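Overview (structure and organization)
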Amino acid sequence: VRETVLKHDEPWEGSGCDYHNFFFDETYTGFDGKHPNGVYRMYYLGWQMPSAEPNPKPQYDIVACYAESVDGIHWIKPKLGVIDWQGSKENNIVFDKALNTSAIDNFMVFRDDNPACPPDMRYKGIGVSKGGLRCFPSPDGIHFRLGDVITNKGAFDSLNVVFWDAQAEIYRGYIRGFHSTANPRIKNPVRDISYIESKDFKTWTDPKLLS
């Protein structure tokens with residue numbers, strides 16, 4: 001057991017935070033610009049979980065939050081001034097329902113090191129959206145915008161992982177789905193993970209079920 005490195009005690013983080021994903025970014029000097037050797041960058045969801053307790057806190061839309069760290073142990077939640085939450089932008093929210101008209105169920109971010117990647121799409125948020133699994137590009141990993149649908153063949157009902165594989169020079173994706181089985185001992189449908197890939201982040205293969 002290790003010590004707590006990040007407390008989720010902000011009101012917009014609610015009672016449930018999940019899908020933490022992070023990477024080390026040696027090209028980013030931190031939100032304050034004071035870390036020339038780079039920082040760890042973390043993204044996660046914050047939401048007020050439904051409660052059966054008397055006088056439960058009011059529900060609100062899920063948001064995606066951001067934190068960063070120099071050493072991976074001591075984390076800060078910078079006040080980004082990007083998303084308005086209940087009348088204030090003094091928060092660490094990078095993504096909300098205003099950017100994604102459907103309910104936010106998951107959100108992961110990766111830095112795209114493909115040499116052909118345009119600078120304004122260097123960072124890519126990946127999340128379920130109306131129409132399927134969608135990309136939300138960003139020039140800095142803080143300001144995201146609506147992008148294109150990657151695929152509509154899947155359920156996408158938990159974290160979906162996409163990244164650039166520099167050795168193979170392709171984008172790889174691992175996405176959530178369902179399939180049926182003839183095994184009478186297994187309840188249908190079965191939750192699964194499928195694989196997709198792309199050379200250019202525009203044309204993707206059909207999902208292939210992992211065996």
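Just so you know, these numbers come straight off a predicted model, no measurement behind them.

Attention now moves to the sheet that holds strand S7 (residues 123-129). On the basis of which strands lie adjacent, the open sheet formed by four strands has the order S6-S7-S8-S9 and antiparallel pairing. A strand with exactly one partner marks an edge of an open sheet, and here the two such strands are strand S6 (108-111) and strand S9 (149-151). Here the average twist between neighbouring strands, direction ignored, is 30°. As paired strands, strand S8 (residues 132-138) and S9 are joined by two bridges and run antiparallel to one another. Note that in S9 the partner of Arg134 across the bridge is Val149.

This paragraph deals with the nonpolar core. If you look at the biggest cluster of nonpolar residues, it comprises 30 residues, and the most contacted ones within it are Tyr43, Tyr66, Ile93, Val94, Phe95, Phe107 and Phe144. Those elements that place two or more of their residues in this core are strand S2 (39-47), strand S3 (63-69) and strand S5 (93-95). Contacts of Ile93, omitting those with residues within four sequence positions, involve Trp12, Val63, Ala64, Cys65, Leu80, Val82, Ile83 and Trp85. Val128, Leu133, Phe156 and Trp164 belong to the second-largest nonpolar core, a separate cluster that totals 15 residues.

Another point: the packing of aromatic side chains. Here the distance between the centres and the angle between the planes together describe a pair of aromatic rings. Overall, the coordinates contain 17 aromatic pairs when judged by the stated rule. Here the aromatic rings of Trp12 and Trp85 are separated by 5.9 Å at their centres, their planes lie at 65°, and the arrangement is edge-to-face. Linking Trp12 in the segment before strand S1 (16-25) with Trp85 in the loop between strand S4 (75-76) and S5, this pair joins segments that are 73 residues apart in sequence. Across this residue pair, the class does not change: Trp12 and Trp85 are buried. Seen from their ring centres, Phe22 and Trp75 are 6.2 Å apart, and the 75° between their planes marks the pair as edge-to-face. Here Trp75 lies in strand S4 and Phe22 lies in strand S1, a separation of 53 residues in the sequence. For Phe22, a relative accessible area of 53% corresponds to the exposed category.

This part takes up the state of the cysteines. In the structure shown here, the tally under the stated rule is zero disulfides. We note that Cys17 lacks a disulfide partner, and the nearest cysteine sulfur, in Cys65, lies 6.4 Å from it. The structure places no disulfide on Cys117, whose sulfur is separated from the nearest cysteine sulfur, that of Cys135, by 8.9 Å.

Another aspect to go through is the pattern of salt bridges. For the coordinates displayed, the defined rule picks out 12 salt bridges. One salt bridge in this structure joins Asp9 and Lys77, with 3.4 Å as the shortest N-O distance. Of the two residues, Asp9 is situated in the segment before S1 and Lys77 in the loop between S4 and S5; the sequence distance between them amounts to 68 residues. Of the residues examined, Lys77 reaches a relative accessible area of 21% and is grouped as partly exposed.

About the criteria used
- Residues numbered from 1 in each chain as written.
- Predicted model: local features only at pLDDT ≥ 70, side-chain atom pairs only at ≥ 80, totals over all residues.
- Heavy atoms only, no water.
- Pairing = 2+ DSSP bridges.
- Helix = DSSP H or I, 4+ residues; strand = E, 2+ residues; numbered from the N terminus.
- Axes fitted to C-alpha atoms, helices over the stretch in contact; angles between N-to-C directions.
- Core = buried A, V, L, I, M, F, W, Y, C linked by side-chain atoms within 4.5 Å.
- Buried < 20%, exposed > 50% of the residue type's maximum accessible area, 1.4 Å probe, protein only.
- Contact = heavy atoms within 4.5 Å.
- Phe/Tyr/Trp six-rings, centres within 6.5 Å; stacked < 30°, edge-to-face > 60°.
- Disulfide = S-S within 2.5 Å.
- Salt bridge = Lys/Arg side-chain N within 4 Å of Asp/Glu carboxyl O.

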